[in-house]
Amino acid sequence: MKVVTFAGVSKRFDGGSHGYAVRNLDLHIGQGELVAVVGKTGCGKSTMFNLLIGLIAPTDGVIRVLGSNPFADFDALAGKIGVVFQNDRLLPWRSALDNVAYGLELRHVAKERRLAVGRDWLKRLGLEVHSEKYPHSLSGGMRQRVSIARAFATDPEILLCDEPFSALDELTGASLRSEFRRLVQETHKTGIFVTHSIGEAIDIGDRILVFCAPGHVAAEFAVPEALRELGEEGLKQRILDVMGGTGA
Ligand SMILES: Nc1ncnc2c1ncn2[C@@H]1O[C@H](COP(=O)(O)OP(=O)(O)OP(=O)(O)O)[C@@H](O)[C@H]1O
Ligand SMILES: [Mg+2]
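Sequence order sets the numbering: in each chain, residues are counted from 1 along the sequence as written. The lettering of chains begins at A and the numbering of ligands begins at 1, in the order of writing. Predicted model: local features are reported for residues with pLDDT of at least 70 only, side-chain atom pairs are reported and counted for 80 or more only, and whole-chain, interface and lining totals are derived from all residues. Side-chain measures here rest on the full set of heavy atoms in the structure, leaving out hydrogens and waters.

(A) Inspection of the overall build of the protein at higher detail. Looking only at helices and strands, the protein features seven helices and nine strands. Computation of the radius of gyration draws on C-alpha atoms, with the globule rule given as 2.2 Å multiplied by the number of residues to the power 0.38. For 248 residues, the compact-globule estimate of 2.2 N^0.38 gives 18 Å, and the protein sits close to it at 18 Å. By its C-alpha atoms, the protein is 55 × 40 × 35 Å across when sized along the principal axes. Any pair of residues with heavy atoms lying within 4.5 Å of one another is described as a contacting pair. Sequence-distant contacts in the protein: of pairs separated by 6 or more residues, those separated by 24 or more amount to 69%. Put simply, DSSP marks the helices as runs of H or I at least four residues long and the strands as runs of E at least two long, and each gets a number from the N terminus on.

(B) Up close: unusual backbone geometry. In this model, A213 is joined to P214 through a cis peptide bond whose omega is -15 degrees. Examined against the element boundaries, P214 turns out to sit in the loop between β8 (207-212) and β9 (216-222). For L66, which is not glycine, the phi torsion reads 50 degrees and is therefore positive. Here L66 is to be found in the loop between β4 (60-65) and β5 (81-84). For the exposure calls, accessible area comes from a 1.4 Å probe over protein chains only, and a residue counts as buried if that area is under 20% of its type's maximum, exposed if over 50%, partly exposed in between. We classify L66 as buried; its relative accessible area is 19%. Residues other than glycine seldom take positive phi values, yet D155 does so here, at roughly 55 degrees. Position of D155 among the secondary structure elements: in the loop between α4 (140-153) and β6 (158-162). With a relative accessible area of 55%, D155 lands in the exposed category.

(C) Here's a closer look at the layout of surface pockets. A volume near 740 Å³ is recorded for the largest pocket. In this structure, the largest pocket is lined by 20 residues; those nearest its centre are G79, I81, G82, V83 and L106. For the lining of the largest pocket, the elements supplying multiple residues, two or more each, are β5, α2 (96-106) and α4. Here the element with the most residues in the lining of the largest pocket is α2; it accounts for four residues. Of the residues that constitute the lining of the largest pocket, the class distribution is twelve nonpolar, five polar and three charged. Using a grid of 1 Å spacing that covers the protein atoms alone, one calls a set of points a cavity when a 1.4 Å probe fits there but cannot get out, and a pocket when the set is open and has protein on both sides within 12 Å along at least five of seven lines; lining residues are those with an atom within 4 Å of a point. Grid points are joined across faces, edges and corners, and a volume is the space filled by probe spheres set on the points. Taken as a whole, the second largest pocket spans an internal volume of roughly 200 Å³. F165, S166, L168, D169, E170, L171, G173, A174, R177, H196, S197 and E200 together form the lining of the second largest pocket. Put simply, Ala, Val, Leu, Ile, Met, Phe, Trp, Tyr, Cys and Pro go in the nonpolar bin, Asp, Glu, Lys and Arg in the charged bin, and everything else, Gly too, in the polar bin.

(D) Layout of the packing of α2 against α4. Here α2 crosses α4 at 25 degrees, and the two axes come no closer than 8 Å. As far as their axial angle goes, α4 and α2 are roughly parallel. For the element pair α2 and α4, the recorded crossing hand is right-handed. Mapping the contact onto sequence places A96, N99, V100 and L104 in α2 and V146, A149, R150 and A153 in α4. A breakdown of the residues in the contact of α2 with α4 according to their chemical character gives six nonpolar, one polar and one charged. With axes taken as lines fitted to C-alpha atoms, and helix axes fitted only over the stretch in contact, angles between N-to-C directions fall between 0 and 180 degrees. With respect to orientation, any angle under 35 degrees is reported as roughly parallel, any angle over 145 as roughly antiparallel, any angle of 65 to 115 as roughly perpendicular, and every other angle as oblique. Crossings are sorted by hand: turned counterclockwise from the far helix by less than a right angle, the near helix makes the crossing left-handed, and turned clockwise it makes it right-handed.

(E) Here's a closer look at the environment of E179. Examined against the element boundaries, E179 turns out to sit in helix α5 (residues 170-186). The buried category is assigned to E179, whose relative accessible area is 15%. As a C-alpha pair, E179 and R124 span 55 residues in sequence and 9.4 Å in three-dimensional space. If we skip the residues at most four places from it in the chain, E179 touches R124, L125 and R145.

Below, the structure is given as structure tokens:
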């Protein structure tokens, strides 16, 4: 069974500029894959993301996430998808530790246990000395580390990121990318990473899906093979051609 399947999925917003934000999207992601989705602004990446987590319903087509329909069976997927957004979305009135433990609190995990799990994840992200601090006193990079810890803390099967590091400087972004990649691999999760940066997609993905508007997969690349065949610059150029092409 695939972890994520989109079959002929379309999403139309009334009054949207193209009408369709996603059109005829087919997507299949297997257990343990780390897939990067790259595409220009407005091509439908966040709409795909919102369909996947069941925040919105498709206009057409079938979506299955861990065997469930994410919109209709929203509760069935609770706690099974960990999400890291572009903006950290931490709760400002909670310490770093209480933010990380929040998902477990929602799942009624006993206090001692959720704080232990929260501390462990903060430690894995190098933040143990900051666990009692509040978001306003942490740097942007630290706050995104807390969001990553929070996403992993409920032990979800899928990790989903929507441009989580695009507001950070290049070095901090690169180090968080490699940590995220390592954690997904160590914990045998399935990762889906949305970005508009081609370099970031190559860095993080085992497989890259290139999105074009209105949201569909215009090309896909298996990263190690494509790097061997084309080299990094060659692969970047190929992806750029697809993103910029009109016929895709
Ligand atoms: N709620 C909405 N109502 C109307 N149109 C929408 C809505 N959400 C998205 N759209 C439109 O759908 C298209 C795809 O938007 P989406 O946010 O999915 O793009 P994106 O690839 O995530 O872009 P970015 O890289 O800028 O985040 C855009 O034309 C957008 O204006
Ligand atoms: Mg977006």
